[in-house]
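Examining the three-dimensional arrangement
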Amino acid sequence: MTSKDAPTQPQSQPINLSTLPIPQLTAIKNQLTQELQHLTTSFTQLRTAQAKFRDCIKSVRDGIEKKGANKAQEGGASSSKPILVPLTPSLYVPGTLASTETVLVDIGTGFYVEKTPPAARQFYTAKVEELGKNLKDLETIVQGKQGNLTVVEDGTLWTCTLPEKG
Amino acid sequence: MTAPNPQQRLQSLSEEYQNLQTDLQTQITSRQRLESQQQENLAVRKEFNILSDDSTIYKLIGPVLLKQEKTEAESAVDGRLDFIEKEIKRVEQLISDMQEQSEGKKMEVYQLQMKMQEAK
């Protein structure tokens, strides 16, 4: 079944939902559901990315800066607390940090930049904030789409309950 | 009007339409990929802007990190951004052409269906 599409209007003008036949309403509903699903997935992915950057901040603060501070206090590399380096997800070897002066930050597309721990933290904080902004924008869009979907669904119900419909 | 003829035509038409749709989907996917690449490169560009000139930049080439000058890295990213922009323009043109084509095919299919309905 090929539902006839209205000739594409140059400008998007409001269309009265109650004037649309049921097949078209269903098509719109499906499209909205699909869009909503895509947006929700993106939302989750953004959240995950944000959490990863938060972990980076935490690692830099607890793992590098604190250890660096200890080292400076007690003097000498040997006094810095040992860390466990994962060789595989289940195999660890003890080690000490050779340098807590700088860290190497992956800024994307294969570029890495040497940064001091505070600068690295700043970089990650900026990333988290940026993602937070994107998340907020996306949330508004998701809510809008959800609203549209509800309207279309209600419209479908309403049209279905009408005794005759052209 | 012979019966199998429009039937066959309808089949080949809808096949063509389906092929167009698949191609269109591929192009849309590559458009999305380009978009995310552009975003990533823009983020890197922004990071370079706030970086001091003497910062140490490494580029990942295969399994090795290679030290690179900031200007060099900047021009590499700029080059990529230019390329991506051009690619996006090209793919968008392709997408709109294909959309037009598939719209045309859809109408053809529809008209043929109507004709067959009338013939019955």
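Summary of the structure given here.

Conventions we followed
Residues numbered from 1 in each chain as written. Chains lettered and ligands numbered in written order. Predicted model: local features only at pLDDT ≥ 70, side-chain atom pairs only at ≥ 80, totals over all residues. Heavy atoms only, no water. Helix = DSSP H or I, 4+ residues; strand = E, 2+ residues; numbered from the N terminus. Rg over C-alpha atoms; globule rule 2.2 N^0.38 Å. Buried < 20%, exposed > 50% of the residue type's maximum accessible area, 1.4 Å probe, protein only. Contact = heavy atoms within 4.5 Å. Areas by Shrake-Rupley, 256 points an atom, 1.4 Å probe, with all protein chains shown as cover. Core = buried A, V, L, I, M, F, W, Y, C linked by side-chain atoms within 4.5 Å.

This part is about the overall build of chain B. A tally of helices and strands in chain B yields two helices and two strands. Helices and strands in chain B line up, N terminus first, as α-β-β-α. On C-alpha atoms alone, chain B measures out to a radius of gyration of 25 Å, which is more than a quarter above the 14 Å that the 2.2 N^0.38 rule sets for 120 residues. Looking at chain B residue by residue over its 120 residues, the buried ones come to 32%. A separation of at least 24 residues holds for 76% of the contacts in chain B among residues at least 6 apart in sequence. Only carbon and sulfur atoms are counted for the fraction: they give 51% of the accessible area of chain B, which is about 8300 Å².

Counting 18 residues, the largest nonpolar core has Val105(A), Ile107(A), Phe111(A), Val44(B), Phe48(B), Ile57(B) and Val77(B) as its most contacted members. Those elements giving two or more residues to this core turn out to be helix 1 (22-74), strand 3 (103-108), strand 4 (111-115) and helix 2 (117-161) of chain A together with helix 1 (4-50) and helix 2 (70-119) of chain B. Top element by residues in this core is helix 2 of chain A. It accounts for four residues. Contacts of Val77(B), omitting those with residues within four sequence positions, involve Phe111(A), Asn41(B), Val44(B), Arg45(B) and Phe48(B). Core analysis: the next-biggest nonpolar cluster, separate from the first, contains 11 residues, Leu32(A), Leu39(A), Phe43(A) and Val142(A) among them.

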